[in-house]
Amino acid sequence: MSDPLNLLIIEDSEDDALLVLLELRRGGFDPTWQRVETADALRAALAENPWDIVISDYRLPGFEAPAALAIVQQSQLNIPFVVVSGTIGELAAVELMKTGAHDYLMKDNLVRLSEVVRRGMREFQMRAERAQAAIALNEAKERLHLAIEGSSIGLWDWSIPTGTVTLNDRWAEMIGYTLEDLATTTIETWQNQVHPDDLSKASQILEQHFAQAVPTYECELRMQHRLGHWVWVLSR
């Protein structure tokens, strides 16, 4: 069974376009395709239909592959762009690859075309999945940030190997400081604020957690406010 393929061809020669289609069918594709020859036609085609890949000749009358690639990139569709040409030189091909073309082939040697198209589509799919994962991660971070801000929780994140501690504004406010007041923070920053009578208890519970004797670290303790009095907090 052939694989469906939505193909946009930038080519002024219908015969050359048909050779590309013949090679793709031989390689197991069933292409639905459109051929364009000008920049305006390319823009219109990109706006009208979803394409899996763009295959372009290097030089057309009044229109060349670098300009076509720029238009495809400006569309922000992230479609793989492959050059199939009889005239492109190696230096021009390398420059196109540097600016975002996926690959290039010579018209008199299309045996790798189906492989190139499949690889381009596969890499495009991987990039799209990574971009979607990044968006989802950013959304999750934003939701977490809003939840923490809305709950007025003082947040601390301790990197145990380095000893550095990252705090949020609310943590500092609870004991009368700003993050700028505390500057560089380490675990000693926390220890210095804890009441001496509570520090050993907190450290003992922390060691139990590290030893997996208790599933979570949780301790009520006193921390010294900037004004000198003690503030009870639940550290978890």
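Structure shown above.
Bear in mind the structure is a predicted one, so any value in this text is a computation, not a measurement.

Novice: I would appreciate a short explanation of the pairing of strand β2 (residues 29-36) in the present structure.
Specialist: For a regular strand, the rule is simple: side chains alternate between the two faces of the sheet. Here strand β1 (residues 3-10) runs beside β2; their pairing, made up of eight bridges, is parallel. Looking at the pairing, Ile9 lines up with Arg35 of β2. Taken together, β1, helix α1 (residues 14-26) and β2 form a β-α-β motif whose crossover is right-handed.

Novice: Just checking my understanding: could you explain the pairing of strand β11 (residues 230-235) for this structure?
Specialist: By the alternation rule, side chains of β11 split into Val231, Val233 and Ser235, which are all buried, and Trp230, Trp232 and Leu234, of which none is buried. Note: strand β10 (residues 219-224) against β11, six bridges, orientation antiparallel. Bridging from a neighbouring strand, Gln224 pairs with Trp230 of β11. From the end of β10 to the start of β11, which pair antiparallel, there are five residues, and Gly228 there has a positive phi angle of about 110°.

Novice: What should I look at first to understand the sheet that holds strand β6 (residues 81-85) in this one?
Specialist: Backbone-to-backbone hydrogen bonds pair the strands of a sheet. The strands run either parallel or antiparallel. Here we have five strands laid out as an open sheet, ordered β2-β1-β3-β6-β7, and parallel in their pairing. Unpaired on one side and paired on the other, β2 and β7 (103-106) mark the two borders of the sheet. Neighbour to neighbour, the strand axes of the sheet diverge by 25° on average, direction disregarded. In this sheet, strand β3 (residues 53-56) lies alongside β1 in parallel orientation, the contact comprising four bridges. Its bridge partner lying in β3, Ile10 is registered against Ser56. Against the sheet, helix α5 (residues 113-151) makes contact with β1, β2, β3, β6 and β7, and its axis sits at roughly 170° relative to β7, the strand it touches most.

Novice: Would you mind going over the packing of α1 against α5 with me for this structure?
Specialist: Packing of α1 against α5 brings their axes to within 8 Å, and their N-to-C directions diverge by 80°. One element, α1, and the other, α5, form an angle in the roughly perpendicular class. Contacts between α1 and α5 pair Val20, Glu23 and Leu24 from the former with Leu113, Ser114 and Val117 from the latter. Across the contact of α1 with α5, the residue classes tally to four nonpolar, one polar and one charged.

Reading guide: rules and limits
Residues numbered from 1 in each chain as written. Predicted model: local features only at pLDDT ≥ 70, side-chain atom pairs only at ≥ 80, totals over all residues. Heavy atoms only, no water. Pairing = 2+ DSSP bridges. Helix = DSSP H or I, 4+ residues; strand = E, 2+ residues; numbered from the N terminus. Right-handed = clockwise from strand over helix to strand, strands pointing away. Buried < 20%, exposed > 50% of the residue type's maximum accessible area, 1.4 Å probe, protein only. Axes fitted to C-alpha atoms, helices over the stretch in contact; angles between N-to-C directions. Contact = heavy atoms within 4.5 Å. Parallel < 35°, antiparallel > 145°, perpendicular 65-115°, else oblique. Nonpolar A, V, L, I, M, F, W, Y, C, P; charged D, E, K, R; others polar.

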